[in-house]
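Descriptive analysis of the structure
Spelled out, the chains give:
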Protein chains: 2
Amino acid sequence: MAKRIITISREFGSGGRFIGEEVAKKLGIAYYDKNIIYGIAETSGLSPEYIRENAELSPKKGLFAYAFAGRDITGKSVADMVYEAQRKVILELVEKEPCVIIGRNADYILKDRDDVLNVFIHGNMPEKIQRICRLYNAEKQEAVKMMADIDKRRMANYNFYTNQSWGKASNYTLCLNSSQIGYDRCEKIIMECSK
Amino acid sequence: MAKRIITISREFGSGGRFIGEEVAKKLGIAYYDKNIIYGIAETSGLSPEYIRENAELSPKKGLFAYAFAGRDITGKSVADMVYEAQRKVILELVEKEPCVIIGRNADYILKDRDDVLNVFIHGNMPEKIQRICRLYNAEKQEAVKMMADIDKRRMANYNFYTNQSWGKASNYTLCLNSSQIGYDRCEKIIMECSK
């Protein structure tokens, strides 16, 4: 069955976002990444700035932050509200049109559909560091710190809300090491598997 | 860089072995699977029967079996000797000729080479069960039990000897869900990535 929707999960610095954007362009379908933030903000009633910082990442204070987050009388934390809004927006988006969605646990949110291709992009340390240094104008040491921080928080967010393990092959249809395979070939393989 | 060597790790019932054999045929290169056992037997001095049962799987008694295995004066268990022999045989094989190697932690054993394509094949539960029932002439319940047992022992063996997590995407160049992608397409993608 052809896959109308492609979700791209990715390690920070692996080029997953870039690969996803190129695939969307080449297939002529919609691309959702940061532009999803305004929908989540509107649905949740929280500010786009807050969503940008919190919708895909665990709180900075650490992996147990979810467990100790302040909760209202219904048992929900603000992070839960953001997640619920994100889930609702993603479920609505995919009804509207074929698209590529970057991150945001979309693979799990859409797990009951059979028209979704779930991709995980990862890479080798030297290539990821080099990319982060270039894109964020950062020194090597800073890039290593950013990468560790962002991936840890993505993982914590994913594991908490999905009860699955971020980066475990069996969660995804396709996992690709972009440093070894090359961005071009990754794009071709994703497009081939979406047919 | 072209990949002379392709290692295939796989979930039981995912068709990884079949896919690996087809790739070897189509590329016209050697294929190592059970035929590696005689080499390991010769190198270790243990019987082929013993190797067949122990060279890729943890002991049946459970995941902690390695820790409590009987060890000789050098601190080595029989399982360690088998693993050492397997490692030696694999390192020698890849010097000889381009090949496909199924399982046996070959991805980890060959991690210092840059001419190796590491693949992990997994699949959906219903398709894996169906395949096991057909190949082993088993009932569904029996197939589920076989699958759980073999994958648990493969995982324990891999995790113990590599200090990595079996089935974690970042250990492999390429991870493919054979039920979703289809065997033919898996073969094509592996061959494309070996170029």
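Residues numbered from 1 in each chain as written. Chains lettered and ligands numbered in written order. Predicted model: local features only at pLDDT ≥ 70, side-chain atom pairs only at ≥ 80, totals over all residues. Heavy atoms only, no water.

1. Comments concerning the pairing of strand 1 (residues 5-10) of chain B
Residue and element names in this part refer to chain B. The criterion, for reference: Only protein chains enter the calculation, and the probe is 1.4 Å; a residue is then buried if its accessible area is under 20% of its type maximum, exposed if over 50%, and partly exposed in between. Per the convention used, a helix needs a DSSP run of H or I reaching at least four residues, while a strand needs a run of E reaching at least two, with both numbered from the N terminus. Following DSSP output, two strands are said to pair if at least two bridges run between them.
With six of six residues buried, strand 1 is to be regarded as a mostly interior element. Here strand 1 shows two buried faces, one formed by Ile-5, Thr-7 and Ser-9 and the other by Ile-6, Ile-8 and Arg-10. Across four bridges, strand 1 lies against strand 3 (residues 99-102) in parallel orientation. The partner of Thr-7 across the bridge, within strand 3, is Ile-101. Bridge count for strand 1 against strand 4 (residues 116-122) is six bridges, and the pairing is parallel. Note that in strand 4 the partner of Ser-9 across the bridge is Phe-120.

2. Notes on the pattern of salt bridges
For clarity, the cut-off: Any Lys or Arg side-chain nitrogen located within 4 Å of an Asp or Glu carboxyl oxygen qualifies as a salt bridge.
According to the stated counting rule, one finds 24 salt bridges over all chains in the structure shown. A salt bridge links A:Arg113 to A:Asp115, with the shortest nitrogen-to-oxygen separation between them at 3.0 Å.

3. Side note on the interface of chain B and chain A
Threshold: By the convention used here, residues are in contact when the closest approach between their heavy atoms is within 4.5 Å. Two parts lose some accessible area (1.4 Å probe) when they are put together, and adding that loss for both gives the buried area. Classification used: nonpolar for Ala, Val, Leu, Ile, Met, Phe, Trp, Tyr, Cys and Pro, charged for Asp, Glu, Lys and Arg, polar for all others including Gly.
The interface of chain B with chain A comprises 20 residues on the first partner and 20 residues on the second. Summing the contributions of chain B and of chain A, the shared interface buries around 1600 Å²; its carbon and sulfur component is 57%. Summed over the three residues of chain B that lose the most area to chain A, namely B:Ala169, B:Thr173 and B:Arg185, the buried surface amounts to 30% of that side. On the surface where chain B and chain A come into contact, there are zero salt bridges. Secondary-structure elements contributing two or more residues to the side of chain B that touches chain A are strand 4, strand 5 (174-177), helix 9 (178-181) and helix 10 (183-193) of chain B. Split by residue class, the side of chain B that touches chain A holds nine nonpolar, six polar and five charged. Note: strand 5 (residues 174-177) of chain A against strand 5 of chain B, three bridges, orientation antiparallel.

4. Thoughts on the packing of helix 2 (residues 37-44) of chain B against helix 5 (residues 78-96) of chain B
All names here are of chain B. Definition in use: Orientation is described by axes fitted as lines to C-alpha atoms, over the contacting stretch for helices, and by angles from 0 to 180 degrees between their N-to-C directions. Angles below 35 degrees are treated as roughly parallel, those above 145 as roughly antiparallel, those between 65 and 115 as roughly perpendicular, and all remaining angles as oblique. Crossing chirality is assigned from the near helix's rotation relative to the far helix, an anticlockwise turn below a right angle marking it left-handed and a clockwise turn marking it right-handed.
Between helix 2 and helix 5, the shortest axis-to-axis distance is 8 Å and the interhelical angle comes to 120°. Looking at the two axes, helix 2 sits oblique to helix 5. Here the hand of the crossing between helix 2 and helix 5 comes out right-handed. Two secondary-structure elements touch here, helix 2 through Gly-39, Ile-40, Thr-43 and Ser-44 and helix 5 through Val-82, Ala-85, Gln-86, Lys-88 and Val-89. Taken together, the residues of the contact of helix 2 with helix 5 sort by class into four nonpolar, four polar and one charged.

5. Some words on the confidence of the model for chain A
For clarity, the cut-off: pLDDT runs from 0 to 100 and stands for how confident the predictor is about each residue.
Scored by pLDDT, chain A comes out at a mean of 89, with 91% of its residues at no less than 70. The ipTM for the predicted assembly is 0.89, set against a pTM of 0.91.

6. Section: helix 1 (residues 16-27) of chain A
Residues and elements named next belong to chain A. Keep this limit in mind: To estimate the expected span of a helix, subtract one from its residue number and multiply by 1.5 Å.
With twelve residues, helix 1 extends 16 Å between its outermost C-alpha atoms, agreeing within 8% with the 16 Å of an ideal straight helix rising 1.5 Å per residue. Along helix 1, the residues that are buried comprise Gly-16, Ile-19, Gly-20, Glu-22, Val-23 and Ala-24. Contacts made by the buried residues of helix 1 are with strand 1 (5-10), strand 2 (30-32), strand 3 (99-102), strand 4 (116-122), helix 9 (178-181) and helix 10 (183-194). Of the residues trailing helix 1, Gly-28 is marked for its positive phi of about 65°.

7. Focus on the state of the cysteines
Keep this limit in mind: The disulfide criterion is simple: two cysteine sulfur atoms within 2.5 Å.
This model, assessed by the stated rule, comprises zero disulfides over all chains. Unpaired in this structure, A:Cys99 has its nearest cysteine sulfur neighbour in A:Cys193, at a distance of 18 Å. Take A:Cys99: its relative accessible area is 0%, and that puts it in the buried class. As a non-bridged cysteine, A:Cys175 has B:Cys175 as the owner of its nearest cysteine sulfur, 4.4 Å distant.

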